[in-house]
Number of protein chains: 2
Amino acid sequence: MTAFHARTVALVGLGLISGSLARALKSSQWDGRLIAWGPREPSLKRGLELGVIDDYSLMLSDIVEQADVIVVGAPPIATAEVLSELTALVVDATRKPVITDLASIKGYVVDALSVDYPDFVPGHPIAGSEHSGVENADAALFNGREIILTPLPGTNPTAIETVSAMWALTGGYIRHMSVTAHDAMLAASSHMPHLVSYALTGALERDESDPMVHGGGALRDMTRIAASDPLMWTDIAITNRDALLHSIDQFETEMQLLRTMVDAQDAEALQSYFARCRTHRREHDSILNPLLQSTTEETS
Amino acid sequence: MTAFHARTVALVGLGLISGSLARALKSSQWDGRLIAWGPREPSLKRGLELGVIDDYSLMLSDIVEQADVIVVGAPPIATAEVLSELTALVVDATRKPVITDLASIKGYVVDALSVDYPDFVPGHPIAGSEHSGVENADAALFNGREIILTPLPGTNPTAIETVSAMWALTGGYIRHMSVTAHDAMLAASSHMPHLVSYALTGALERDESDPMVHGGGALRDMTRIAASDPLMWTDIAITNRDALLHSIDQFETEMQLLRTMVDAQDAEALQSYFARCRTHRREHDSILNPLLQSTTEETS
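Residues numbered from 1 in each chain as written. Chains lettered and ligands numbered in written order. Predicted model: local features only at pLDDT ≥ 70, side-chain atom pairs only at ≥ 80, totals over all residues. Heavy atoms only, no water.

In the nomenclature of an unreviewed UniProt entry, chain A corresponds to Prephenate dehydrogenase/arogenate dehydrogenase family protein from the organism Candidatus Paraluminiphilus aquimaris.

1. Here's the deal with the interface of chain A and chain B
Each partner contributes to the interface: chain A provides 91 residues, whereas chain B provides 91 residues. Summed over both partners, the interface of chain A with chain B buries about 9,000 Å², with 63% contributed by carbon and sulfur atoms. Three residues stand out in chain A for area buried against chain B, namely A:H214, A:R220 and A:F274, and they jointly supply 9% of the buried area on that side. Taken together, chain A and chain B are joined by 10 salt bridges. A salt bridge links B:R224 to A:D221, with the shortest nitrogen-to-oxygen separation between them at 2.5 Å. Between the two partners, chain A and chain B, sit 34 residue pairs in polar contact (both at pLDDT 80 or more). The set of elements that each furnish at least two residues to the side of chain A that touches chain B consists of α7 (179-206), α8 (217-223), α9 (230-239), α10 (241-263), α11 (267-283) and α12 (285-288) of chain A. Considering each element in turn, the side of chain A that touches chain B owes the most residues, 18 residues, to α7(A). (Contact = heavy atoms within 4.5 Å. Buried area = accessible area lost by both parts, 1.4 Å probe. Salt bridge = Lys/Arg side-chain N within 4 Å of Asp/Glu carboxyl O. Polar contact = N/O pair within 3.5 Å; in protein donor to acceptor, adjacent residues only side chain to side chain. Helix = DSSP H or I, 4+ residues; strand = E, 2+ residues; numbered from the N terminus.)

2. Considerations on the side chain of A:T150
Residue and element names in this part refer to chain A. Tracing the chain through its elements places T150 in the loop between β8 (146-149) and α6 (157-168). Using a relative accessible area of 0% as the deciding quantity, one classes T150 as buried. Residues in contact with T150, not counting those within four places in the same chain, are K106, P122, M177, S178, V179 and H182. (Buried < 20%, exposed > 50% of the residue type's maximum accessible area, 1.4 Å probe, protein only.)

3. Considering helix α1 (residues 16-26) of chain B
Burial analysis of α1(B) places nine of its 11 residues in the buried class, the great majority of the element. Packed against the buried residues of α1(B) are β1 (8-12), β2 (33-37), β4 (69-72), β7 (123-125) and α6 (157-168) of chain B.

4. Some remarks on the pattern of salt bridges
All names here are of chain A. All chains considered together, the criterion is met by 30 salt bridges over all chains. Ionic pairing is found between R220 and D221, a salt bridge with its closest N-O pair at 2.8 Å. As far as the burial class goes, R220 and D221 line up, both buried. One salt bridge connects R281 with D285, and the closest N-O pair in it is separated by 2.3 Å. Residue R281 is classed as buried on the basis of its relative accessible area, which comes to 4%. Residue D285 is classed as partly exposed on the basis of its relative accessible area, which comes to 31%. Through salt bridges with shared partners, a single network forms among R7, D68 and R95.

This is the structure in structure tokens:
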């Protein structure tokens, strides 16, 4: 594994994910400097007070001049905007920082770039929380989690190595994927499930008998992610529209199939469907619960 | 609060829920005896070895003769069958044990009774797990959870007091409800969410790219209950059909509404929908996570 040689990592946007990356790097053997830029000073100040970062600036160019690696952490649309600005700033400069991002959509972000910058490595850590903000940053967030990189044909291999070395310090593992495969896969494994949780929570909210008052562990888990950041998820739904619609339709086919079985009181079909689901879920237990072997605490 | 005076509690059917009740009673100040009946000896033997029960018999009449309180723990259809048999056994006897059950459906169970037995108190603890079997019994399962009783017009008040006193020892709290209100509420707060989780897991299982391999915390939570006992959930879907179909249709209305917003890329409508869900979920955080105040460990 290549060591991570960057002296200064700059976080462009400081929130839950970038803050967790900062905390993970600070708790690793890496002894570099962490600086941040953001559109709002209070978050940056809070990050400094909490020891998540070492310094910040409200001038993007300040950060760019100091950084060896720049990590953009923002919702997809803002990520695309700031990446365009950043790559335009550095493409003709003599210093060429490695740039990566954390956005859940890769197609939209890559398509929005106005210049080719071979030291940009599109990235996406598969980790999150329904909480947001730097104050919820967690050094263990990426432990055992998949970090997807979607390098482009022209991406510089040394830039990929640098970004991979950074993530290795967080306990995550790297997987490469094409931009299209990433966006389709994420629609199925994350974006559609979020929409399902939102629809469920919306249905319960509209029910005048307030069923959530009687919720147990099932409802706790099924509605947890419906407390996620509304702006972030609006961006995701907008920017990954086609893949998301496809995944929603796959889900709806199954929901209607189950509805038909319930309506017909077809015990045999229901039991076989449920058994197939149990098998599939259990086969993926260790991926979905990567920390269960080492600790009893779950990230909520 | 009335004290729990029963000397012998009999569990008819020994699984996760009845076993957890046994463990909770054993870890309380109550010092009575726990006996069990079941259709299969291995589970009973396992319960005895694990110290969950003190004795067992394969003869239902043995258990009935010794018990002050009988708790029927089985899937809904089996619960209805064994309750009919039990009440027929005791209705003309001189000893009148208090009988209660744990089934998730109350209408089907109550309608199936062939005799009126005023010392039967229909019950349902709102607690569970995707694991099954007595070996997963957990004394803390009912801690902070709602225990619903649905007494009938002729139910004996002292029987209700006895059952309430038993549950008070587990850390759960009692709520009374009509049979119909219970079944409609459970369809919305538990049965429909389980079907949603099954449909989601079914969609992922059918997807050849195997998206679950890339799942994070969102998918972990959204598919957890799809590993629940297939037989139990078939019974529930069959016996609570009408209320479940109604809840599924409420969910489907919301899912289609969201699909339309995604299709139209209506950012304003999506963000407002998501924000409403976040508020509703957060307002119910303390109900859905009753133990978060006292411990960081969650029941998985």
